[in-house]
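# Structural description and commentary
Now for the letters of each chain:
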Amino acid sequence: MFTLAHLSDLHLGPLPKGSAYRHFAVKRAVGVMNWRLNRHRIHNPDVALAIAADITRNAPDHVALTGDIVNVAARAEFAAAARWLQAFGAPDWISFVPGNHDCYVRVAWQHGLAHLAPYMLGDMRVPLTQETAQIATPFPYVRLRRNVAVIGVSSGLPQPLHRASGQLGHIQLKSLAYLLSDLRERGYARVVMIHHPPLPGLARPRKALIDAGPLRDVLEEQGAELVLHGHNHEHMLNTLNSRFGAVHVLGVPSASTVADEHHPVAAWNLYRIQRQAGKWQIDVSIRSYDPASRQIGTLTEFALSS
C-alpha cells in the first residue's frame with residue numbers, strides 16, 4: 001500500500017510589510033487590501049501548522065501540495081514559504097505545483113518560485129516540457145514512488161485584475177497525454193497534480209482552467225487513477241469515465257481556513273493506494289480541523305471504485 005497526503009491553498013500569512021508598495025503592481029496592491037480587510041481573518045497560519053503536524057503524524061509515503069502557498073506573490077512571501085516547507089518536510093517527500101496566487105503578478109523566477117524549485121523537480125526524463133520566465137523548472141514533471149507516478153502540471157500564470165483563471169497550454173497537454181499512456185503501460189498508478197479544477201464547469205469562468213475541455217479529452221483518452229486539485233477551497237469529488245476506467249478528481253479546502261461562512265474549515269485528504277486483483281483500489285480519509293477543540297479528526301472515509 002502507498003499512502004499519499006493532499007493539501008492545498010495554504011495562503012500563508014501574515015503578509016510581509018510593504019508588500020503592496022515594493023515592486024508595485026496594481027493587482028498586488030488590491031490583493032494586499034483584500035487581505036487586510038478580510039482574508040487575514042479566514043486564513044490562519046496556526047491552522048496551517050496544525051494541518052502539517054497532523055500529516056506528519058500520519059506519516060504518508062508522499063505529500064501532494066496543489067498550489068497557492070502565498071497570497072500576492074511578493075518576493076518576501078516566497079522566501080517565507082520556502083522556510084515553511086523546509087520545516088514541514090524534505091523536497092523528495094513533498095511535491096508542489098503552483099497556483100494562481102503563486103503567479104499573482106509577473107515575478108522573475110529568481111525572485112519568486114525559484115525558492116520552491118526543489119519541490120518541483122522530477123526524477124524521470126520527460127521528452128516534452130515547458131518553461132517560462134516565471135517558472136523555470138520544466139513542467140510536466142514526474143516523481144516515481146514505488147508503484148505510483150506523481151505527475152505535476154502547472155496551471156498558474158499571471159492574469160488581469162479580477163481574474164484567477166489558469167491554463168496548461170499545448171505543450172503540457174501533449175506531454176501529459178504521452179506520460180499517462182507510457183506510465184499506464186509500465187504499470188504505475190498515475191496521480192496528476194494541478195491547481196485549478198481540471199474539468200469544465202467546476203469553477204466560475206473568471207476562475208476556471210481555460211483549457212479544461214482539452215484536458216478532459218486527454219483524461220478520457222488516456223485515463224488516470226487520481227487527479228488532485230485545489231483552488232475552489234471546497235471538498236470536491238468528480239468522476240470522469242475514460243477508455244481505461246474511472247478517473248477520480250478530488251479537490252480539498254484551503255489548509256489554513258478557520259472561519260469562512262462560504263467555505264469549509266481546513267482539511268486534507270489521505271489516499272491509500274494499492275493493487276488488488278489487477279485493479280487499483282483507493283481508499284480516502286478526509287481529515288478536518290475543528291475550531292472548537294482545535295483538533296484534527298477524520299470527517300469521513302470512503303473507497304473509490306476503478
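Everything that follows concerns the structure shown earlier in this document.
Residues numbered from 1 in each chain as written. Predicted model: local features only at pLDDT ≥ 70, side-chain atom pairs only at ≥ 80, totals over all residues. Heavy atoms only, no water.

## Quick look at the pattern of salt bridges
- Enumeration over the complete set of coordinates arrives at eight salt bridges.
- Measuring nitrogen to oxygen at the nearest pair gives 2.8 Å for the salt bridge that ties Asp54 to Arg287. Linking Asp54 in helix 2 (residues 45–58) with Arg287 in strand 11 (residues 279–290), this pair joins segments that are 233 residues apart in sequence.
- Two residues, Arg186 and Asp182, come together in a salt bridge whose shortest N-O distance is 3.0 Å.
- In this structure, a network of salt bridges that share partners links the residues Asp54, Arg57 and Arg287. (Salt bridge = Lys/Arg side-chain N within 4 Å of Asp/Glu carboxyl O. Helix = DSSP H or I, 4+ residues; strand = E, 2+ residues; numbered from the N terminus.)

## So, the environment of Gln130
- Following the sequence through the fold, Gln130 ends up in the loop between strand 3 (94–96) and strand 4 (141–145).
- Spatially, the C-alpha atom of Gln130 lies 41 Å from that of Asp290, the residues being 160 residues apart in sequence.
- Those residues in contact with Gln130, other than ones at most four positions away along the chain, are Thr137, Pro138, Phe139, Leu168, Ile171 and Gln172. (Contact = heavy atoms within 4.5 Å.)

## Points about the pairing of strand 7 (residues 226–229)
- The alternating pattern of strand 7 places Leu226 and Leu228 on one face and Val227 and His229 on the opposite face, and all of these are buried.
- The pairing of strand 6 (residues 189–193) with strand 7 spans three bridges and is parallel. Paired with Val191 across the strands is Leu226, a residue of strand 7.
- For the segment spanning strand 6, helix 5 (residues 212–222) and strand 7, crossover handedness is right-handed.
- In this sheet, strand 9 (residues 245–251) lies alongside strand 7 in parallel orientation, the contact comprising four bridges. (Buried < 20%, exposed > 50% of the residue type's maximum accessible area, 1.4 Å probe, protein only. Pairing = 2+ DSSP bridges. Right-handed = clockwise from strand over helix to strand, strands pointing away.)

## Considerations on the sheet that holds strand 1 (residues 2–7)
- Pairing is mixed across the open sheet formed by six strands, whose spatial order is 3-2-1-10-11-12. With one partner strand each, in any of the chains shown, strand 3 and strand 12 (295–304) form the two edges of the open sheet. Between one strand axis and the next, the sheet turns by 20 degrees as a mean value, whatever way the strands run.
- Looking at chain direction, strand 10 (residues 267–276) and strand 11 are connected through 10 bridges and run antiparallel. The partner of Asn269 across the bridge, within strand 11, is Ile286.
- In the packing of helix 2 onto the sheet, contacts are made with strand 1, strand 2 (62–65), strand 10, strand 11 and strand 12, and the angle to strand 10 comes to roughly 25 degrees. (Axes fitted to C-alpha atoms, helices over the stretch in contact; angles between N-to-C directions.)

## Digging into unusual backbone geometry
- Geometrically, the link from Gly13 to Pro14 is a cis peptide bond, its omega value of -5 degrees lying close to zero.
- Along the chain, Pro14 falls in the loop between strand 1 and helix 1 (26–42).
- Residue Pro140 is bonded to the preceding Phe139 through a cis peptide linkage, with omega at 0 degrees.
- Here Pro140 lies in the loop between strand 3 and strand 4.
- One non-glycine residue, Asp9, lies in the positive phi region at around 50 degrees.
- Mapped onto the elements of the fold, Asp9 is located in the loop between strand 1 and helix 1.
- You will see that Ala277, though not glycine, has its phi angle at about 50 degrees, which is positive.
- If you trace the backbone, Ala277 turns up in the loop between strand 10 and strand 11.
- Take Ala277: its relative accessible area is 84%, and that puts it in the exposed class.

## Side note on the sheet that holds strand 7
- Here we have six strands laid out as an open sheet, ordered 4-5-6-7-9-8, and mixed in their pairing. Every interior strand has two partners, whereas the edge strands, strand 4 and strand 8 (236–242), have only one. Neighbour-to-neighbour, the strand axes of this sheet turn through a mean angle of 20 degrees, independent of strand direction.
- Where helix 5 meets the sheet, it contacts strand 6, strand 7, strand 8 and strand 9, and its direction lies at approximately 60 degrees from that of strand 8.

## Things to note about the nonpolar core
- If you look at the biggest cluster of nonpolar residues, it comprises 68 residues, and the most contacted ones within it are Leu7, Ile69, Phe88 and Ile273.
- Residue contributions to this core peak at six residues, all from helix 3 (residues 75–88).
- The contact partners of Ile273, leaving out residues within four places of it in the chain, are Met1, Phe2, Val148, Ala189, Val191, Leu226, Trp280, Gln281 and Ile282.
- Within the second largest apolar cluster, 28 residues are counted, among which are Val126, Leu183, Tyr188 and Leu199. (Core = buried A, V, L, I, M, F, W, Y, C linked by side-chain atoms within 4.5 Å.)

That is the geometry; function is a separate question.
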